[in-house]
Amino acid sequence: MSQLLTIAASEGENPLIPPIPELVIGLIAFVIVFGFLAKKLLPNINKVLEERREAIEGGIEKAEAAQTEAQSVLEQYKAQLAEARHEAARLRQEAQEQGATLIAEMRAEGQRQREEIIASGHAQIQADRKAAASALRQDVGQLATQLAGKLVGESLEDHARQSRVIDRFLDELDDKATKAEATR
(Lines give C-alpha, C1' and ligand atoms only; values in the text may rest on other atoms or scores of the structure.)
Protein backbone atom coordinates (compact mmCIF):
# COMPACT_ATOMS: atom_id res chain seq x y z
CA MET A 1 0.00 0.00 0.00
CA SER A 2 2.82 2.34 0.61
CA GLN A 3 3.92 1.74 -2.94
CA LEU A 4 0.58 3.07 -4.25
CA LEU A 5 0.94 6.27 -2.27
CA THR A 6 4.42 6.83 -3.57
CA ILE A 7 3.26 6.30 -7.16
CA ALA A 8 0.32 8.66 -6.70
CA ALA A 9 2.48 11.31 -5.06
CA SER A 10 5.00 11.11 -7.92
CA GLU A 11 2.33 11.76 -10.52
CA GLY A 12 1.22 14.93 -8.74
CA GLU A 13 -2.46 14.18 -8.47
CA ASN A 14 -4.21 13.03 -5.37
CA PRO A 15 -6.78 10.35 -6.20
CA LEU A 16 -8.86 11.33 -3.18
CA ILE A 17 -9.36 14.93 -4.27
CA PRO A 18 -11.39 15.30 -7.48
CA PRO A 19 -10.55 17.91 -10.07
CA ILE A 20 -12.06 21.36 -9.42
CA PRO A 21 -14.44 21.47 -12.45
CA GLU A 22 -15.97 18.13 -11.45
CA LEU A 23 -16.26 19.35 -7.88
CA VAL A 24 -18.10 22.54 -8.99
CA ILE A 25 -20.44 20.64 -11.33
CA GLY A 26 -21.15 18.06 -8.62
CA LEU A 27 -21.80 20.82 -6.07
CA ILE A 28 -24.20 22.65 -8.43
CA ALA A 29 -26.03 19.38 -9.20
CA PHE A 30 -26.24 18.62 -5.49
CA VAL A 31 -27.72 22.08 -4.75
CA ILE A 32 -30.26 21.67 -7.58
CA VAL A 33 -31.31 18.18 -6.42
CA PHE A 34 -31.38 19.28 -2.77
CA GLY A 35 -33.43 22.38 -3.66
CA PHE A 36 -35.85 20.27 -5.69
CA LEU A 37 -36.17 17.76 -2.88
CA ALA A 38 -36.55 20.50 -0.29
CA LYS A 39 -39.16 22.31 -2.38
CA LYS A 40 -41.27 19.34 -3.54
CA LEU A 41 -40.55 16.28 -1.50
CA LEU A 42 -39.76 17.67 1.95
CA PRO A 43 -43.18 19.37 2.46
CA ASN A 44 -44.93 16.14 1.46
CA ILE A 45 -42.71 14.16 3.82
CA ASN A 46 -43.33 16.67 6.62
CA LYS A 47 -47.06 16.60 5.89
CA VAL A 48 -47.19 12.78 6.03
CA LEU A 49 -45.09 12.75 9.22
CA GLU A 50 -47.37 15.37 10.81
CA GLU A 51 -50.45 13.38 9.85
CA ARG A 52 -48.92 10.23 11.29
CA ARG A 53 -47.96 12.07 14.47
CA GLU A 54 -51.49 13.47 14.82
CA ALA A 55 -52.99 10.05 14.08
CA ILE A 56 -50.73 8.45 16.66
CA GLU A 57 -51.47 11.13 19.26
CA GLY A 58 -55.19 10.97 18.43
CA GLY A 59 -55.06 7.20 18.63
CA ILE A 60 -53.30 7.41 21.98
CA GLU A 61 -55.89 9.91 23.24
CA LYS A 62 -58.71 7.74 21.93
CA ALA A 63 -57.12 4.68 23.50
CA GLU A 64 -56.73 6.50 26.80
CA ALA A 65 -60.35 7.70 26.61
CA ALA A 66 -61.50 4.19 25.73
CA GLN A 67 -59.43 2.77 28.55
CA THR A 68 -60.86 5.31 31.00
CA GLU A 69 -64.38 4.52 29.80
CA ALA A 70 -63.70 0.79 30.01
CA GLN A 71 -62.36 1.22 33.54
CA SER A 72 -65.49 3.20 34.46
CA VAL A 73 -67.74 0.54 32.97
CA LEU A 74 -65.75 -2.15 34.77
CA GLU A 75 -66.18 -0.35 38.10
CA GLN A 76 -69.91 0.02 37.45
CA TYR A 77 -70.13 -3.65 36.54
CA LYS A 78 -68.26 -4.65 39.69
CA ALA A 79 -70.53 -2.42 41.80
CA GLN A 80 -73.64 -3.90 40.17
CA LEU A 81 -72.28 -7.41 40.61
CA ALA A 82 -71.55 -6.78 44.29
CA GLU A 83 -75.02 -5.30 44.73
CA ALA A 84 -76.61 -8.28 42.95
CA ARG A 85 -74.68 -10.70 45.16
CA HIS A 86 -75.76 -8.80 48.25
CA GLU A 87 -79.37 -8.80 47.07
CA ALA A 88 -79.21 -12.53 46.30
CA ALA A 89 -77.80 -13.25 49.76
CA ARG A 90 -80.53 -11.12 51.34
CA LEU A 91 -83.26 -12.90 49.34
CA ARG A 92 -81.79 -16.29 50.24
CA GLN A 93 -81.78 -15.33 53.92
CA GLU A 94 -85.38 -14.09 53.72
CA ALA A 95 -86.44 -17.29 51.97
CA GLN A 96 -84.77 -19.40 54.66
CA GLU A 97 -86.46 -17.37 57.39
CA GLN A 98 -89.83 -17.61 55.67
CA GLY A 99 -89.31 -21.33 55.15
CA ALA A 100 -88.46 -21.84 58.81
CA THR A 101 -91.49 -19.77 59.85
CA LEU A 102 -93.74 -21.69 57.48
CA ILE A 103 -92.43 -25.02 58.76
CA ALA A 104 -93.02 -23.92 62.36
CA GLU A 105 -96.55 -22.76 61.50
CA MET A 106 -97.30 -26.01 59.68
CA ARG A 107 -96.00 -28.04 62.61
CA ALA A 108 -98.08 -26.02 65.05
CA GLU A 109 -101.16 -26.41 62.81
CA GLY A 110 -100.52 -30.14 62.48
CA GLN A 111 -100.09 -30.46 66.25
CA ARG A 112 -103.32 -28.50 66.82
CA GLN A 113 -105.23 -30.66 64.32
CA ARG A 114 -103.80 -33.80 65.88
CA GLU A 115 -104.89 -32.65 69.32
CA GLU A 116 -108.37 -31.86 67.98
CA ILE A 117 -108.63 -35.26 66.33
CA ILE A 118 -107.45 -37.01 69.50
CA ALA A 119 -109.83 -35.00 71.68
CA SER A 120 -112.68 -35.67 69.24
CA GLY A 121 -111.79 -39.38 69.22
CA HIS A 122 -111.68 -39.51 73.02
CA ALA A 123 -115.02 -37.69 73.22
CA GLN A 124 -116.53 -40.08 70.67
CA ILE A 125 -115.13 -43.10 72.49
CA GLN A 126 -116.49 -41.76 75.82
CA ALA A 127 -119.92 -41.13 74.27
CA ASP A 128 -119.90 -44.60 72.66
CA ARG A 129 -118.80 -46.14 75.96
CA LYS A 130 -121.63 -44.39 77.83
CA ALA A 131 -124.16 -45.39 75.18
CA ALA A 132 -122.88 -48.98 75.22
CA ALA A 133 -122.90 -49.04 79.04
CA SER A 134 -126.46 -47.68 79.11
CA ALA A 135 -127.64 -50.17 76.50
CA LEU A 136 -125.79 -52.94 78.31
CA ARG A 137 -127.34 -51.96 81.63
CA GLN A 138 -130.80 -52.09 80.12
CA ASP A 139 -130.18 -55.41 78.39
CA VAL A 140 -128.45 -56.96 81.42
CA GLY A 141 -131.19 -55.60 83.66
CA GLN A 142 -133.94 -57.07 81.54
CA LEU A 143 -132.18 -60.41 81.26
CA ALA A 144 -131.40 -60.47 84.98
CA THR A 145 -134.99 -59.61 85.84
CA GLN A 146 -136.33 -62.30 83.56
CA LEU A 147 -133.85 -64.84 84.92
CA ALA A 148 -134.59 -63.89 88.51
CA GLY A 149 -138.32 -64.03 87.81
CA LYS A 150 -137.94 -67.53 86.40
CA LEU A 151 -135.82 -68.58 89.36
CA VAL A 152 -138.12 -67.10 91.94
CA GLY A 153 -141.19 -68.10 90.07
CA GLU A 154 -142.86 -64.72 90.22
CA SER A 155 -142.69 -61.59 88.19
CA LEU A 156 -140.25 -58.90 89.24
CA GLU A 157 -141.89 -56.16 87.31
CA ASP A 158 -141.43 -53.46 89.94
CA HIS A 159 -139.30 -51.03 88.05
CA ALA A 160 -137.72 -49.27 91.04
CA ARG A 161 -136.66 -52.50 92.63
CA GLN A 162 -135.46 -53.80 89.32
CA SER A 163 -133.25 -50.68 88.78
CA ARG A 164 -131.72 -50.95 92.25
CA VAL A 165 -130.85 -54.61 91.80
CA ILE A 166 -129.37 -54.03 88.39
CA ASP A 167 -127.35 -51.00 89.53
CA ARG A 168 -125.98 -52.84 92.52
CA PHE A 169 -125.04 -55.83 90.37
CA LEU A 170 -123.31 -53.69 87.74
CA ASP A 171 -121.50 -51.62 90.41
CA GLU A 172 -120.13 -54.82 91.87
CA LEU A 173 -118.95 -55.88 88.41
CA ASP A 174 -117.26 -52.47 87.89
CA ASP A 175 -115.51 -52.74 91.27
CA LYS A 176 -114.23 -56.20 90.42
CA ALA A 177 -112.99 -54.99 87.00
CA THR A 178 -111.23 -51.99 88.57
CA LYS A 179 -109.53 -54.20 91.16
CA ALA A 180 -108.47 -56.64 88.45
CA GLU A 181 -106.91 -53.80 86.40
CA ALA A 182 -105.12 -52.42 89.47
CA THR A 183 -103.49 -55.77 90.23
CA ARG A 184 -102.08 -56.14 86.74
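Residues numbered from 1 in each chain as written. Predicted model: local features only at pLDDT ≥ 70, side-chain atom pairs only at ≥ 80, totals over all residues. Heavy atoms only, no water.

Before going further, it helps to examine the overall build of the chain. The helix and strand inventory of the chain stands at three helices and zero strands. If you list the helices and strands of the chain from N to C, you get α-α-α. (Helix = DSSP H or I, 4+ residues; strand = E, 2+ residues; numbered from the N terminus.)

Across the chain, pLDDT averages 83, with 85% of residues at or above 70. Model confidence for the chain, summarised as mean pLDDT per element, is weakest for helix α1 (residues 2–11) at 57 and strongest for helix α2 (residues 20–152) at 88. (pLDDT = per-residue confidence, 0-100.)

With the rule as written, the count across this model stands at seven salt bridges. E109 is paired through a salt bridge with R112; the nearest N and O atoms lie 2.3 Å apart. Here E109 pairs with R112, and both are found in helix α2, just three residues apart, close to one helical turn. Look at R112 and you get partly exposed, because its relative accessible area is 38%. Between E116 and R112 there is a salt bridge whose closest N-O contact spans 2.2 Å. Linking E116 with R112, this pair stays in helix α2, spanning four residues, or about one helical turn. Connected through salt bridges with shared partners, the residues E50, R53 and E57 form a single ionic network. (Salt bridge = Lys/Arg side-chain N within 4 Å of Asp/Glu carboxyl O. Buried < 20%, exposed > 50% of the residue type's maximum accessible area, 1.4 Å probe, protein only.)

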